[in-house]
Amino acid sequence: MKRRDFFRNGSVLAALSSIGCSPKSLLIDADNKLKTAKNIIFLVSDGMSQGTFNIAQTYLNRKEGINTHWVNLYIERKVSRGLMDMASASSIVTDSAAASSSWGGGVRVRNGSLNMGPKDEVYTPILQKMKAAGKAVGCVTTVPITHATPAGFCVNSKSRNAQPEIAEQYLKLKFDIMMGGGEEFFSAETREDKKDLFTDYKNAGFQVCRNKADMKSVKSGSPVLGVFHKNGLPYTIDRINNQELTNKIPTLAEMTETAINHMKSNPKGFMLQVEAGKVDWAAHGNDIAGILHDQLDFDKAVKVAMDFAEMNKETLVVITTDHGNANPGIAYVTSANTKFDSLTKYTCSNEFILNSFNANTTDKELITTIQEKQGYILTTAEAKYLLLNYKGIAQEGIYNPAQLPFRPLAEMQLNHNAVGWMSGEHTGDFVELAMYGPGSESMPGFMKNTDMHTFLLNAADVPNK
Ligand SMILES: [Zn+2]
């Protein structure tokens, strides 16, 4: 008999005393049985290395004297904490499609595929199972809503790159709320087949939101599609320093709150996935202001989820990441403290600043712009080296369509901000895992990614079919 069933069937208090367990740590209902999770909120900071978690905490603690909400959950011992092995079928280093599929479909698939095996085996995604059990379901993200992490909870696809097709699959699934970026996969202007999915969604009864004001006025009763930007949403640091973007683009915390409010009245509960997808993109680009502020924005979504769960008492909250990426870390350099604290002067991401240069930028202009926007002074030799990139010697890398010199800039920044990076790629590190609420008491201290699938179904008492 599984431990959970053992508790469910027998007297919990008798069982507790026999194993010397504190009753305080368990959530027990009036019939003396373990509570099931009516709702599940699954939060993923995509590509969050342990160093990213540390940098966010150290920054906030030194700047404001407070902790991240996630760290506070550990300090206050509110959550079960463990590690998870995220390997995929094809590699000890997963991509986001295989990672999300491991949780979403319960099977390790090859990197790049979504809940499908090499012989086209199909593994039903968890949100379809939850929906079939009567729950409201949805996803919110800071990257295209058709991107790998939300898609791994929703659909089957041979390739994560089939985003235009995934946008059509979502229409058929008619989930309760799906919000993020990715206009290009819905708009007739940018889709190769010229289909106008926004109109198709409206005709199918969806409330279609294109900005924050639309999102704030959604009504209950009909499903919501929110698509707020061409591709991924802008980095938090770039959004907060641009009034137009601030007005238009909701934060991850705002999307999370909207999604919870939209689904919380469903009599059979809900399951929501929340993804800070651009933490991963910033890691690929070794983009310190990008990653730091998106991780802190994710932390605000953690608070929204926890505030709801602590009040609601029937909600399981899972907080994790799908893999490490680039393993940033605070490195010892001379005056490391002062240099790290200089991150408070950064007013834009490296992506933003590197996009502002071109083949005609002079080294003096580059040095002045970086000093103004990020507060440190590059040498003329460094400036000249970066500018070579705009004159034909381009860099490559994932999420780098303009082939910008992300890695060289990050290497130059090390001596100014004390943050070093291992690479621009995913890592095979075991990932941080925290849980709160009904079911969390059964969380193993070390977990295989695919076990999460059945764990969540068991916690919610939803059949695995
Ligand atoms: Zn990635």
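How each quantity is defined
- Residues numbered from 1 in each chain as written.
- Predicted model: local features only at pLDDT ≥ 70, side-chain atom pairs only at ≥ 80, totals over all residues.
- Helix = DSSP H or I, 4+ residues; strand = E, 2+ residues; numbered from the N terminus.
- Rg over C-alpha atoms; globule rule 2.2 N^0.38 Å.
- Buried ≥ 20, exposed ≤ 12 C-beta atoms within 10 Å, placed from the backbone.
- Contact = placed C-beta atoms within 7 Å.
- Axes fitted to C-alpha atoms, helices over the stretch in contact; angles between N-to-C directions.
- Parallel < 35°, antiparallel > 145°, perpendicular 65-115°, else oblique.
- Nonpolar A, V, L, I, M, F, W, Y, C, P; charged D, E, K, R; others polar.
- Domains from an automatic or database assignment.
- Arc of directions from axis to C-beta.
- Pairing = 2+ DSSP bridges.
- pLDDT = per-residue confidence, 0-100.

A. Geometry of the overall build of the protein. From N to C terminus, the protein includes 21 helices and 14 strands. Taking 23 Å as the expected radius of gyration for a compact globule of 465 residues, we find that the protein reaches 22 Å, a close match to that expectation. Projected onto its principal axes, the C-alpha coordinates of the protein cover approximately 75 × 55 × 45 Å. In the protein, buried positions account for 49% of the 465 residues. Put simply, 70% of the contacts in the protein that link residues at least 6 apart link residues at least 24 apart.

B. A look at the packing of helix 3 (residues 50-64) against helix 15 (residues 288-312). Axis separation between helix 3 and helix 15 bottoms out at 9 Å; the angle between their running directions is 85 degrees. Between helix 3 and helix 15, the crossing angle belongs to the class labelled roughly perpendicular. Only Ile291, Leu292, Gln295, Leu296 and Asp299 of helix 15 make contact with helix 3, whose side of the interface consists of Thr52, Ile55, Ala56, Tyr59 and Leu60. Here the residues of the contact of helix 3 with helix 15 are counted per class, giving seven nonpolar, two polar and one charged.

C. Looking closely at the domain arrangement of the protein. Domain parsing of the protein yields domain 1 (1-34), domain 2 (39-328 + 425-460) and domain 3 (329-420). Taken over C-alpha atoms, the centre of domain 2 sits 29 Å from the centre of domain 3. Contact with domain 2, which involves 22 residues of that partner, is made by 23 residues of domain 3. Elements represented by at least two residues in the side of domain 2 that touches domain 3 include exactly helix 3, helix 11 (236-240), helix 14 (278-284) and helix 15. At seven residues, the largest contribution of residues to the side of domain 2 that touches domain 3 is made by helix 3. In the side of domain 2 that touches domain 3, the residues fall into nine nonpolar, nine polar and four charged.

D. Fine view of the environment of Phe42. Its place among the elements puts Phe42 in strand 1 (residues 39-45). Residue Phe42 is classed as buried on the basis of its 24 C-beta neighbours within 10 Å. As a C-alpha pair, Phe42 and Val274 span 232 residues in sequence and 6.1 Å in three-dimensional space. Setting aside its immediate chain neighbours within four residues, Phe42 contacts Gln273 and Val318.

E. Local environment of the packing of helix 18 (residues 363-374) against helix 19 (residues 380-388). Where helix 18 contacts helix 19, the two axes come as close as 9 Å, and the packing angle between them is 105 degrees. By the angle class used here, helix 18 and helix 19 are roughly perpendicular. Touching Asp363, Leu366 and Ile367 of helix 18 are Thr380, Ala383, Lys384, Leu386 and Leu387, all from helix 19.

F. Spatial organisation of unusual backbone geometry. A positive phi is found at Lys174, a non-glycine position, where the angle reads about 50 degrees. By the element assignment, Lys174 lies in the loop between helix 8 (163-173) and strand 4 (177-181). Backbone geometry at Asn327 places phi at a positive 35 degrees, although glycine is not the residue there. Within the element layout of this structure, Asn327 appears in the loop between strand 9 (324-325) and strand 10 (329-330). C-beta crowding within 10 Å serves as the criterion here: with 18 such atoms nearby, Asn327 is assigned to the partly exposed category.

G. Expanded view of helix 21 (residues 451-460). Met452, His453, Phe455, Leu456, Ala459 and Ala460 are the residues of helix 21 that are buried. Looking straight down helix 21, one finds that the buried residues subtend no more than 170 degrees of arc, so they occupy a single side. Along its buried surface, helix 21 packs onto strand 1, helix 5 (96-104), helix 6 (126-132), strand 8 (315-320) and strand 14 (446-448). Of the residues trailing helix 21, Asp461 is marked for its positive phi of about 60 degrees.

H. The sheet that holds strand 8, seen in detail. With mixed pairing, the ten strands of this open sheet are ordered in space as 5-6-4-3-7-1-8-13-2-14. The open sheet is flanked by strand 5 (207-209) and strand 14, the only strands paired with a single partner. Averaged over all pairs of adjacent strands, the angle between their axes in this sheet comes to 15 degrees, without regard to strand direction. Pairing between strand 5 and strand 6 (residues 224-227): three bridges, direction parallel. Looking across to strand 6, one finds that Val208 is bridged to Leu225. Across the sheet, helix 21 lies against strand 1, strand 8 and strand 14, angled at about 105 degrees from strand 14, the strand it touches most.

I. The arrangement of the environment of Gly51 in detail. Tracing the chain through its elements places Gly51 in helix 3. Considered as a pair, Gly51 and Gly420 are 369 residues apart in the sequence and their alpha carbons are 9.8 Å apart. The contact partners of Gly51, leaving out residues within four places of it in the chain, are Asn327, Pro328 and Gly329.

J. Broad picture of the confidence of the model for the protein. Per-residue pLDDT for the protein averages 93, and the proportion of residues at 70 or more is 91%. Long-range and interchain partners of residues 1-25, a stretch whose pLDDT sits below 50, account for 23 contacts in this model, where long-range means more than four residues apart.

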